[in-house]
Amino acid sequence: MFLARSSLLLSSFYCIAQTLAVGASSCRCLFGESCWPSQADFSSLERQLSQPLVYPSPPAKPCYVNATSSECAAVVQNWGDGNWRADQAGAMQATNFETFIFPNGTIDACYLNVTLGQPCDQGSVSVIGVDARTVQDIQAGVKFAAKHDLRLVVKNTGHDYLGRSDARGSFVIWTHHLKNITVNPSFRPAGAPLSEVYEGAMTLGSGVQWHEAYAAANASGRVIVGGVSEGGSVGAAGGWLLGGGHSALAPSYGLGVDNVLEFSIVTSTGEHITANAYQHRDLFWALRGGGGGTFGVVTSLTYRTRPSTPLIAAVLSVVVNGSIPTTPIRKAFTELVRITPQLEDAGWGGYVFTSASNGTYEYTFIAIVPNVTWAQANATINPYLDYMKGLAANASAEEPLVIEAAFTSPFPSFLDWYTTVIPSEGQVGGNIELGSWLLPHTLIENEYEKVADTLMGIAEFNYYLVAGGAVSRVDPSSTGLNPAWRQASAHAIVGTIWPEGTNATVIVQHLQTLKDNTAKLRALAPQSGAYINEASLYEPNPKQTFFGSHYQKLKAIKKVYDPVDLFVVAEGVGSDDWDKTLNCRL
């Protein structure tokens, strides 16, 4: 079975031109080119697999077949559901990464809004691949891609703000159905001494998502450090961890990379190996922060867990009139920035969200602290909530401050908090790109007003308390993670969104604004860096920004385990050896 789309063939002409320019052996083979594997080649691969080959299609495609069908109705109903999107081989969580913009500005896409009058095209969605259910499936897919020099991508849920989960004309290994979860009563990493045993460690297949991992951990009386997103649809054993893995629990228990004990991974030679502190130690170091889609295909990993304990949550929600921050809001945020290090040292982790819509500006802060009494939690967070109440009481008639919520509350477990406070849907199904920067402890301690003024000047931003505390107490050289994380107190994010159907010229304008705002963050602490999983595609020095002083060591390790550079992703280790399309070597 082959996909025949004129737009994909048009794209191949660009690739052929690149090949002629740099040499025939220097570019990956893409769909539509003469080097593309034959039907017989794919049939031979399929005989090695536990499942038929998968042919990903853009998620809106049923609406172009029949806009009044039940299939189309299901697409419309679930468009913003992260778990539904994760179940679609061709869906990304951010829809702009399903599209493709040609150099002349033409956009190849499949929009949900069929009234735009555009055809449903493949865009950047991979055209064929392996629906992996076993390690052997992955090994067969990797060997096939290497043999035919294909552009290979690895996809689980499609949560990726750098577009690393698909590529135009590519071959995909889809790991989403590797759902095995094992809670080990006692776990000893391979090769470890008999005395090194971890109670309740969890082994997760690479397709497990956080809502599944949290439920399994809670059922066993354990808690696991993981990400926070609507519906828990982010993958628990893939790019989240490989990029570092921040969490509201990080100030108490460290980042994801500080809690992983062991990886199982298929390398570009098809070898299936175990990496931990005793075997393939160099790879174990690199996988903890060196980025997803770079060193191989993770098949499973094992996390340490802790006994589940009650936690205390804090919630603050404030609304003011207007589309920009007022003086009371600026004071509120400035105070939070000032106390960020002490909150994190006390174990608090959480998130600030700001938004302007319908004539109002909203400022929301949610945070948690585990394994403390309610009185202990209140002693550290209530001074800030009381400060907010004072701001509201003393606000002028011209700049009123309305507090919709300002309280703390106990929860029996992390899962109880997560399912109560975090929405089950949202955050996905639209066009979005991000920029971010890690804000060092010394910056916040000495120049907190400058930090607050810069972010408030951007108006809409997120500010995450997911560093400091336990994160800062880890030796920066112990993992491949960007050392900037160990000096940081906060992770600041800006973004831009646009409606589907927007033309390329306007999209470029949106992205320029994003670049400008990201530059403002970067200027606060140029020596710091950014979290690669929530960052900009336009960093002027991505090697330093995402990996810091670890870059050269990471690249050397990649050459050992991926000697043919099969795994190449945007802004990833080794991507500097490839052109902007990542299809041709420089």
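Residues numbered from 1 in each chain as written. Predicted model: local features only at pLDDT ≥ 70, side-chain atom pairs only at ≥ 80, totals over all residues. Heavy atoms only, no water.

A. Representation of helix 18 (residues 551-561) within the structure. Inspection of helix 18 places Y551, L554, K555, I557, K558 and Y561 among the buried residues, and these make up the whole buried set. Down the axis of helix 18, the buried side of the element spans an arc of 165°, and every buried residue falls inside it. Along helix 18, exposed side chains directed more than 90 degrees from the buried face belong to Q552, K559 and V560. Residues of helix 18 that are buried in the fold lie against strand 10 (272-276), helix 10 (281-287) and helix 17 (542-547). (Buried < 20%, exposed > 50% of the residue type's maximum accessible area, 1.4 Å probe, protein only. Helix = DSSP H or I, 4+ residues; strand = E, 2+ residues; numbered from the N terminus. Arc of directions from axis to C-beta. Contact = heavy atoms within 4.5 Å.)

B. Just the packing of helix 2 (residues 39-46) against helix 6 (residues 135-147), in detail. One way to put it is that helix 2 packs onto helix 6 with a least axis distance of 10 Å and a crossing angle of 155°. On the basis of the axis angle, helix 2 is roughly antiparallel to helix 6. The handedness of the crossing between helix 2 and helix 6 is right-handed. Residue-level inspection shows D41, F42 and L45 of helix 2 in contact with helix 6, the latter providing A140, G141 and F144. Across the contact of helix 2 with helix 6, the residue classes break down as 4 nonpolar, 1 polar and 1 charged. (Axes fitted to C-alpha atoms, helices over the stretch in contact; angles between N-to-C directions. Parallel < 35°, antiparallel > 145°, perpendicular 65-115°, else oblique. Left-handed = near helix turned anticlockwise from the far one by under 90°. Nonpolar A, V, L, I, M, F, W, Y, C, P; charged D, E, K, R; others polar.)

C. Quick look at unusual backbone geometry. Positive phi is not limited to glycine here, since H280 has a value of about 50°. Of note, H280 is situated in the loop between strand 10 and helix 10. Although it is not a glycine, L582 sits at a positive phi angle of roughly 65°. As for its position among the elements, L582 is in the segment after helix 18.

D. The arrangement of the pattern of salt bridges in detail. What the rule picks out here adds up to 16 salt bridges. R28 is paired through a salt bridge with D149; the nearest N and O atoms lie 2.6 Å apart. With a gap of 121 residues between them, R28 in the loop between helix 1 (6-22) and helix 2 and D149 in the loop between helix 6 and strand 4 (152-155) connect regions that are remote in the sequence. Accessibility expressed as a relative area gives 26% for D149, which makes it partly exposed. (Salt bridge = Lys/Arg side-chain N within 4 Å of Asp/Glu carboxyl O.)

E. Geometry of the sheet that holds strand 17 (residues 431-440). Strand order in the open sheet made by the 7 strands is 16-13-15-14-18-19-17, with antiparallel pairing throughout. The open sheet terminates on both sides in strands that have one partner only, identified here as strand 16 (402-411) and strand 17. On average, each strand axis in the sheet is tilted by 15° relative to the strand beside it, whichever way the strands run. (Pairing = 2+ DSSP bridges.)

F. Examining the state of the cysteines more closely. Tallied over the entire structure, the rule returns 4 disulfides. In this model C27 forms its disulfide with C584; the gap between the sulfur atoms is 1.9 Å. Classification of the bridge connecting C27 and C584 rests on its S-S torsion, roughly 110°, and on that basis the disulfide is right-handed. On the criterion of sequence distance, the pair formed by C27 in the loop between helix 1 and helix 2 and C584 in the segment after helix 18 is long-range, its members being 557 residues apart. Accessibility assignment for this pair places C27 and C584 in one class, buried. Between the sulfur atoms of C110 and its disulfide mate C120 the distance is 2.1 Å. Its S-S torsion of about -95° marks the bond between C110 and C120 as left-handed, since a negative value means left-handed. Taken together, the residues span a long stretch of sequence, with C110 in the loop between strand 2 (107-108) and strand 3 (128-131) and C120 in the loop between strand 2 and strand 3 at a distance of 10 residues. For the pair C110 and C120, one class covers both residues: buried. Numbered in order of appearance, the disulfide-bonded cysteines of the protein chain are paired 1-8, 2-3, 4-5, 6-7. (Disulfide = S-S within 2.5 Å.)

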